[in-house]
Amino acid sequence: MRTVLIVEDEFLIAIDLKLLLERFGWSVFGPAATIVEALKLLDVELPAVALLDVTLKDGAVTPVAEALRARNVPFVVASAYDRPELVGGDVLIGAPNVGKPTEQRRLLATLEQLVSC
Amino acid sequence: MNLEDIYRLLRSGHVQSQSIIDTVPEPLLVLDKDLCVQTASRSFCTTFNVSRDETIGQHLYDLGNRQWDIPELRRLLDEVVPKSTAVIDYEVEHDFPGIGRRTMLVSAHRLFHPDTTNHSLLLSIVDATERRRGEAEKDVLLGELRHRMKNMLALVQALARQTTAAGRSGEEYRDAFLGRFNALMEGHDAAYTQEGKADLQQVLARTLEPYSEGQAGVHIDLGPPIPLGPKPIMSLSLILHELATNALKYGALSVPSGQVRVHWHVDEASPPSLRLVWQESGGPRVAPPATSGFGTQLIEFAVASELGGRVEQNYASTGLVVEIVLPLASVS
């Protein structure tokens, strides 16, 4: 089963991404709206890949990205910032940014690519 | 005309040209071909805190503890100026002793002289530090605005993508989408244009106004005043819109005799919570939907994740009853 953790604090966007990915066969963990929630979910089960918003209710997503990196889980950023690393730190450098608003094909293709390599 | 007259004439001419230089608000220097200062304006002396005596005759780079011996400026004067007649607004950023880090715009013009080939330079130095700081702040603000705009577009995208299209005509899809879009926009208006003024009663009245005509329809029973913060206003506008459109399609508002009562009170527990009740009656028998669509998920998610509360939907034989319980602290 292809699993994805969604970390997004804007509830409409979170539901949109969840329903969209489920429609295309993904099993969704979350969505988590906070760093605390996301880290808790990672303690339960590791997803194949994660989709991260950069600014959450309780701060920048950095600790989540670091936890994912430490556990070798690849991640994708979905951010309206042109350079998410300026907000979320160096750990986001090199992570693909699928943008916000998020175009469906680009999102699906990027996730597929990350889990297949 | 005797010698004294000529002297007076020359002197008044000199005094006038010096006073013109001293009146120009930007700091000015006139340099000879070896970059030694011939004239320094009053503004130059006050801006850089130096006296005219210690300035005139000195080499530019020797001025004030060599504070003008700046690589960028050297490049300008050694390489750029000799090849062109004027250089305008060359930016030099430098830590000046006494006045701190500054952004200076240096312009250099070859001095205009009708008779001789003159190699003097007129150097004007404009302190653009404040202007640059203002521009940088404006850039940050514009960046933030762009970011918010893209977020707003992402919300609209979510509504467009998740509004059901299957089994509907284009018109039906459009109306369903625009209904949600309006709820989002009105919520945004209430949240951000009259910040701090919106109250639960106002949000209810505004969102449910289209459904509140005549005997039937939606009735709002007044409860205690509940001031709402921007995010809860947005969430509640969307939630109420979903409840109302559902009632219109399947519930009490789908028949002329149907009614919805909306009321609320505060549970003075610790911590206190707001209990908002949506109570339908007089409509057809209702049953829980087979699958939970976007509307249902929107309500559940908004309440749980955005407002930190819980929602109970009770499909009673008399009609749907929805109870939303929110920590009072999370709605203000």
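Up top you'll find the structure we're talking about.
For the structure given in this document, a descriptive report is provided here. (Residues numbered from 1 in each chain as written. Chains lettered and ligands numbered in written order. Predicted model: local features only at pLDDT ≥ 70, side-chain atom pairs only at ≥ 80, totals over all residues. Heavy atoms only, no water.)

### Considerations on the overall build of chain B
Worth spelling out the cut-off: Runs of H or I in DSSP of at least four residues are treated as helices and runs of E of at least two as strands, each being numbered from the N terminus. For the radius of gyration, the atoms used are the C-alpha atoms, and the globule rule reads 2.2 Å times the number of residues raised to 0.38. Using a 1.4 Å probe on the protein chains alone, a residue whose accessible area is under 20% of its type maximum counts as buried, one over 50% counts as exposed, and one in between counts as partly exposed. Residues count as neighbours in contact if any of their non-hydrogen atoms are within 4.5 Å of one another. Throughout, the Shrake-Rupley method with a 1.4 Å probe supplies accessible areas, and for residues the shown protein chains are the sole cover considered.
A tally of helices and strands in chain B yields ten helices and ten strands. The globule rule puts the C-alpha radius of gyration for 332 residues at 20 Å, and the 37 Å found for chain B is more than 25% above it. Dimensions of chain B along its principal axes, counting C-alpha atoms only, are 115 × 45 × 40 Å. Taken across its 332 residues, chain B has 40% of its residues classed as buried. Put simply, of all contacts in chain B between residues at least 6 apart along the chain, 53% involve residues at least 24 apart. When the accessible surface of chain B is split by element, carbon and sulfur atoms take 54% of a total near 18,400 Å².

### Comments concerning the interface of chain B and chain A
Note the following rule: Two parts placed together each lose some accessible area under a 1.4 Å probe, and the buried area is that loss summed for both. Between Lys or Arg on one side and Asp or Glu on the other, a salt bridge is scored when a side-chain nitrogen of the former is within 4 Å of a carboxyl oxygen of the latter. N or O atoms within 3.5 Å of each other form a polar contact, as long as, within protein, one can give a hydrogen and the other can take it, and as long as residues adjacent in sequence are counted only when both atoms are side-chain atoms. When residues are sorted by character, Ala, Val, Leu, Ile, Met, Phe, Trp, Tyr, Cys and Pro go into the nonpolar class, Asp, Glu, Lys and Arg into the charged class, and all the rest, Gly among them, into the polar class.
Between chain B and chain A, the contact holds 24 residues from the first and 23 residues from the second. Carbon and sulfur atoms make up 58% of the area that chain B and chain A hide from each other, which totals about 2,200 Å². Considering only the side of chain B, the residues that lose the most area to chain A are His-147, Arg-161 and Phe-301 of chain B, jointly responsible for 27% of the buried surface there. On the surface where chain B and chain A come into contact, there are five salt bridges. Glu-10 of chain A is the salt-bridge partner of Lys-231 of chain B, the closest N and O atoms lying 3.1 Å from each other. Our count for the chain B to chain A interface comes out at ten residue pairs in polar contact (both at pLDDT 80 or more). For the side of chain B that touches chain A, the elements supplying multiple residues, two or more each, are α5 (129–162), α8 (230–249) and α9 (294–306) of chain B. Counting residues per element, the side of chain B that touches chain A draws most heavily on α5 of chain B, which supplies 13 residues. Its residues placed into classes, the side of chain B that touches chain A shows eleven nonpolar, seven polar and six charged.

### Structural notes on the pairing of strand β4 (residues 100–110) of chain B
Along a regular strand, successive side chains alternate from one face of the sheet to the other. All names here are of chain B. To keep things clear, this is the line we draw: Note on pairing: two strands pair once DSSP finds at least 2 bridges between them.
Across nine bridges, strand β3 (residues 86–96) lies against β4 in antiparallel orientation. Bridging from a neighbouring strand, Glu-91 pairs with Leu-105 of β4. Here β3 hands over to β4 after three residues, with Gly-98 in that stretch at a positive phi of 95 degrees. Pairing analysis gives seven bridges linking β4 to strand β5 (residues 121–127), with the strands arranged antiparallel. Paired with Ser-107 across the two strands is Ser-124, which belongs to β5.

### Description of the pattern of salt bridges
Residues and elements named next belong to chain B. Scanning all chains against the criterion turns up 33 salt bridges over all chains. Across the pair Arg-8 and Asp-5 runs a salt bridge, and its minimum N-O distance is 3.3 Å. One end of the pair is Arg-8 and the other is Asp-5, both in helix α1 (residues 3–23) and three residues apart, which spans about a single turn. Given a relative accessible area of 31%, Asp-5 falls into the partly exposed group. In this structure, Arg-174 and Asp-175 form a salt bridge, with 3.3 Å as the shortest nitrogen-oxygen distance. Judged by relative accessible area, which is 45%, Asp-175 ranks as partly exposed.

### Overview of the side chain of Asp-22 of chain B
As for its position among the elements, Asp-22 of chain B is in helix α1. There is a polar contact of 2.7 Å between the side chain of Asp-22 of chain B and the side chain of Arg-52 of chain B.

### Some thoughts on the packing of aromatic side chains
All names here are of chain B. So the rule is basically this: A pair of aromatic rings is counted whenever rings of Phe, Tyr or Trp (Trp by its six-membered ring) have centres within 6.5 Å, and the orientation is called stacked for planes under 30 degrees apart, edge-to-face for over 60 and tilted otherwise. Placement of a positive charge over a ring is assigned whenever Lys NZ or Arg CZ falls within 6 Å of the ring centre and within 35 degrees of the normal to the ring plane.
Scanning all chains against the criterion turns up five aromatic pairs over all chains. Ring geometry for Phe-44 versus Phe-48: centroids 5.0 Å apart, planes at 45 degrees, classification tilted. Here Phe-44 falls in the buried class, since its relative accessible area comes to 1%. Three or more aromatic residues joined by ring pairs form one cluster here, namely Phe-44, Phe-48 and Trp-68. It is Arg-74 that lies over the ring of Tyr-61; its NZ or CZ is 4.3 Å from the centre.

All we've got here are geometric facts, nothing functional implied.
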